[in-house]
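Chain residues, written in single-letter form:
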Amino acid sequence: MLEVRKLCKAFGGLKVTRGVTFALEPGERRVILGPNGAGKTTLFNQLVGTLTPSSGDILVEGRSVMGLSVAARARAGLSRSYQKNNLFEDLSVRENLMLAAAAGQGKAHSVWRDSFRDAAVRETVAEVAQQVALTEMLDMPVRSASYGSRRQLEVGLALATRPRILLMDEPTSGVGPTMIEGFHRLLHSLPRELTVLIIEHDMDLAFDVADRITVLNFGEVVFEGTPDETRGNKVVRDIYLGDWQADA
Amino acid sequence: MFRQTPARSLVLIVTLAGLAAYASAGGFFAREIVIEIAILAILAISLDVVAGFGGMVSLAHGAMMGLSAYTYAIFSVKLGWPPLPSALLGVAASGIFGTLIGWITGRTTGIFFIMATLAFGQMAYTVFFKWRWLGGDDGLGGLSRFDLGGLGIKMGNSLTFALFALVLVLAVYVAAAWVLRTAFGRTLTGIHVNEDRMRALGVNTVMHRAQALGFSALLAGVAGVLAAQHVQYISPELLVWTVSGEVLIVVILGGLGTLIGPLLGAVIFVLLKHEISGYTNHWHIVIGLLLIATVLAGGRGIYGQVEHWFSRRPPPPAGTAEAHDA
Ligand SMILES: Nc1ncnc2c1ncn2[C@@H]1O[C@H](COP(=O)(O)OP(=O)(O)OP(=O)(O)O)[C@@H](O)[C@H]1O
Ligand SMILES: [Mg+2]
């Protein structure tokens, strides 16, 4: 479904992505783990096209997307949420979701119809709002929404385009335990055919939802395996779980 | 997100009706003022579509108007075509020009976009300034107005022409308000608020912005045909960048991103200009002071400020009315 081949990226002398290779099966849930600065977000930026890799290839359903713009990749079914909220601040929660749903349904350009009055767009918005628990807040301006709600909206925007591959960059960063629990439920409620790639620091969530886990360190894939294999792996324990166990 | 509120509709109707009454009751001079207001208002509404809702502050709107006027002259005077097709071609030429500017400036925003539009505008100005076949800096006369004699309408009459100009203002406002309330307008606002995210959602934002500037230029083209038919003479002065600057002042004065504000801005601007220039040659200073006051008050413009005062009282949550009427 999504394949990354020998991806490399350097900022000047700093090699941030070093020969990253992995492949996601359709419907797979993959979690990327890695310490701060490991190059996880940079990898996402290359997948969606905001950054151009130095070398390597990215394939969606067997076809290279290297020549495609950010927008074209999104239309090919790739959707991402951001580590740092990247919302339509001046608009309401509903308007945010409407824009995303309309774009996802190819209804963003008509000079004849109003996408905000489109039945299918509204239906998607209602569904997504339900999924990310924002139904009560739809008419709130994003500016005045709480950090937690904005975090949920961040994921909601990515979901509202109805992607085939969903990339989420630390969706639970900075939110409390109740909301993390909500994310567990959300992830389990997603349609099974949706391919999901999540960057996550929360181990419980990672082990709970992942089919497989990829561990990045200094821009390199140092491990890939099932959650069980990850727990038992020494390399992973050394570079990552050490921290985690100390935290716990 | 644009909303055609009842208050805005009311202001639109009252303003246009007021201008029509003023033209009817007043003499030739009043009608000239109304036509001047109409041309400026069309340009200001056109600019607000891109500046207020798309974040594209253009200094090429004068050039768009001028290009349309010249195209109208080329076809109607030089090639002897009837006025209507010539006018349509003028509007189309402006639209193409706007789309091209939008396309070429592509990803530039902010000050770089402003400078790029200024450069395109000045290029167009230079072309017509030098082009002897079109009279160069002397301009070109002998333009005719639409012939609506078949309908019993005499466009040569100053009142008739003033009312015609007001009809065009209404048409341009309705077209702008319509487009802003379609998917196209929603997306334009989305790009204005967060272009990066809009792109990530799958929208080709460069193309969308280019189309928006093209649409805006079509409206500016209407002002061009109106200006050409009004004095039946055109010169490169139409395209000078200060014309665009004046339009921008009008938009900010009236209320950027309110669509109706620019119409009010045009009325105030032209009336003030004529009133004050009766006493002093320094009417620019008064406009300048007014502009400074507007900007210091929060930059909402006259209409935006009034709307702001009223909306602070019982605030119905934004968008609720829209939300439940499917
Ligand atoms: N545009 C850039 N120019 C230069 N260096 C960059 C740029 N973007 C990221 N980096 C560097 O690349 C490295 C990887 O950054 P990245 O944001 O991908 O890490 P991350 O794994 O997402 O970390 P975190 O868990 O903190 O989000 C960091 O050292 C960062 O400083
Ligand atoms: Mg990161």
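From a predicted model like this one, the values you see are computed outputs, not experimental measurements. (Residues numbered from 1 in each chain as written. Chains lettered and ligands numbered in written order. Predicted model: local features only at pLDDT ≥ 70, side-chain atom pairs only at ≥ 80, totals over all residues. Heavy atoms only, no water.)

1. Points about the sheet that holds strand S9 (residues 212-217) of chain A
Residues and elements named next belong to chain A.
- Across the sheet, which stays open at both edges, the six strands sit in the order S6-S7-S8-S3-S9-S10 with mixed pairing between neighbours. The open sheet terminates on both sides in strands that have one partner only, identified here as strand S6 (78-81) and strand S10 (220-225). For this sheet the average axis-to-axis angle between neighbouring strands, irrespective of direction, equals 20 degrees.
- One ladder, built from four bridges, connects strand S3 (residues 29-33) with strand S8 (residues 195-199); its direction is parallel. Residue Val 31 lies in a different strand from S8, and its bridge partner there is Ile 198. (Pairing = 2+ DSSP bridges. Helix = DSSP H or I, 4+ residues; strand = E, 2+ residues; numbered from the N terminus. Axes fitted to C-alpha atoms, helices over the stretch in contact; angles between N-to-C directions.)

2. Things to note about the confidence of the model for chain A
- The share of residues in chain A with pLDDT of 70 or more is 96%, and the mean pLDDT across the chain is 90.
- The model gives residues 244-248 of chain A a pLDDT under 50, and that stretch makes four contacts with residues more than four places away or in other chains. (pLDDT = per-residue confidence, 0-100. Contact = heavy atoms within 4.5 Å.)

3. With respect to the packing of helix H2 (residues 28-54) of chain B against helix H9 (residues 241-254) of chain B
Residue and element names in this part refer to chain B.
- Packing of H2 against H9 leaves a shortest axis separation of 9 Å and a crossing angle of 75 degrees. With respect to their mutual orientation, H2 and H9 come out roughly perpendicular. Seen from H2, the contacting residues are Leu 40, Leu 43, Ala 44, Leu 47 and Asp 48; seen from H9, they are Val 247, Leu 248, Val 250 and Val 251.
- Across the contact of H2 with H9, the residue classes break down as eight nonpolar, no polar and one charged. (Parallel < 35°, antiparallel > 145°, perpendicular 65-115°, else oblique. Nonpolar A, V, L, I, M, F, W, Y, C, P; charged D, E, K, R; others polar.)

4. Overview of the coordination of the magnesium ion (ligand 2)
All names here are of chain A.
- At this site the magnesium ion (ligand 2) is bound by Thr 41 (OG1) and Gln 83 (OE1), with donor distances of 1.9 to 2.1 Å. With a gap of 42 residues between them, Thr 41 in helix H1 (residues 40-48) and Gln 83 in the loop between S6 and helix H3 (93-104) connect regions that are remote in the sequence.
- Overall, the relative accessible area of 27% leaves Thr 41 in the partly exposed class.
- For Gln 83, a relative accessible area of 31% gives the class partly exposed. (Donors = N, O, S within 2.8 Å, 3.2 Å for Na, K, Ca; no water. Buried < 20%, exposed > 50% of the residue type's maximum accessible area, 1.4 Å probe, protein only.)

5. A word on the domain arrangement of chain A
Residue and element names in this part refer to chain A.
- In terms of domain boundaries, chain A breaks down into domain 1 (1-77 + 163-248) and domain 2 (86-162).
- On the domain 2 side, the residues contacting the 15 residues of domain 1 number twelve residues.
- The junction of domain 1 with domain 2 conceals about 990 Å² of combined surface from both sides, 68% of it contributed by carbon and sulfur atoms.
- Area buried by domain 1 at its contact with domain 2 is led by Pro 163, Met 179 and Leu 186, which between them contribute 43% of it.
- Counting every contact that joins domain 1 to domain 2 gives zero salt bridges.
- Remark: the boundary between domain 1 and domain 2 carries four residue pairs in polar contact (both at pLDDT 80 or more).
- Elements represented by at least two residues in the side of domain 1 that touches domain 2 include exactly strand S7 (165-169) and helix H6 (177-189).
- Among the elements that take part in the side of domain 1 that touches domain 2, H6 stands out by supplying four residues, more than any other.
- Partitioned by chemical class, the residues of the side of domain 1 that touches domain 2 number nine nonpolar, three polar and three charged. (Domains from an automatic or database assignment. Buried area = accessible area lost by both parts, 1.4 Å probe. Salt bridge = Lys/Arg side-chain N within 4 Å of Asp/Glu carboxyl O. Polar contact = N/O pair within 3.5 Å; in protein donor to acceptor, adjacent residues only side chain to side chain.)

6. So, the packing of aromatic side chains
- For the coordinates displayed, the defined rule picks out ten aromatic pairs over all chains.
- Both rings, one in B:Tyr125 and one in B:Phe129, keep their centres 5.5 Å apart while their planes meet at 40 degrees; by these two values the pair is tilted. Here the residue B:Tyr125 and the residue B:Phe129 both occupy positions in helix H5 (residues 110-130), the gap between them amounting to four residues, near one helical turn.
- You can call B:Tyr125 buried: its relative accessible area is 17%.
- Ring centres of B:Phe269 and B:Trp283 lie 5.5 Å apart, and the angle between their planes is 85 degrees; on these two criteria the pair is classed as edge-to-face. With B:Phe269 in helix H10 (residues 260-276) and B:Trp283 in helix H11 (residues 283-296), the pair connects residues that are 14 residues apart, well separated along the chain. The two residues B:Phe269 and B:Trp283 agree in class, both being buried.
- Connected via pairs of aromatic rings, a cluster forms that spans B:Tyr70, B:Phe128, B:Trp131 and B:Trp133.
- One cation-aromatic arrangement involves A:Arg80 over A:Tyr82; the distance from NZ or CZ to the ring centre is 4.1 Å.
- The aromatic ring of B:Phe161 is capped on one face by B:Arg145, whose charged end is 3.9 Å from the ring centroid. (Phe/Tyr/Trp six-rings, centres within 6.5 Å; stacked < 30°, edge-to-face > 60°. Lys NZ or Arg CZ within 6 Å of the ring centre and 35° of its normal.)

7. Regarding the site of ligand 1
All names here are of chain A.
- Neighbouring residues of ligand 1: 13 residues in total, closest Gly 37, Lys 40, Thr 41, Thr 42 and Gln 83.
- Gly 37 is positioned with one of its backbone polar atoms (N or O) 2.9 Å from an oxygen atom of ligand 1.
- At 3.2 Å, a backbone N or O of Ala 38 approaches an oxygen atom of ligand 1.
- Contributing elements (two or more residues each) for the shell around ligand 1: strand S2 (14-24) and H1.
- Broken down by element, the residue count for the shell around ligand 1 peaks at three residues, all from H1.
- Class assignment of the residues belonging to the shell around ligand 1 gives a composition of four nonpolar, seven polar and two charged. (Near = heavy atom within 4 Å.)

8. Brief notes about the sheet that holds S2(A)
All names here are of chain A.
- Read across the open sheet, the four strands follow the order S2-S1-S4-S5; overall the sheet is antiparallel. Sheet topology places S2 and strand S5 (63-64) at the edges, where each strand pairs with a single neighbour.
- Here strand S1 (residues 2-11) pairs with strand S4 (residues 55-60) via five bridges, running antiparallel. Bridge pairing links Glu 3 to Leu 59 in S4.
- The strands that H1 touches are S1, S2 and S4; relative to S1, the one it contacts most, it runs at about 115 degrees.

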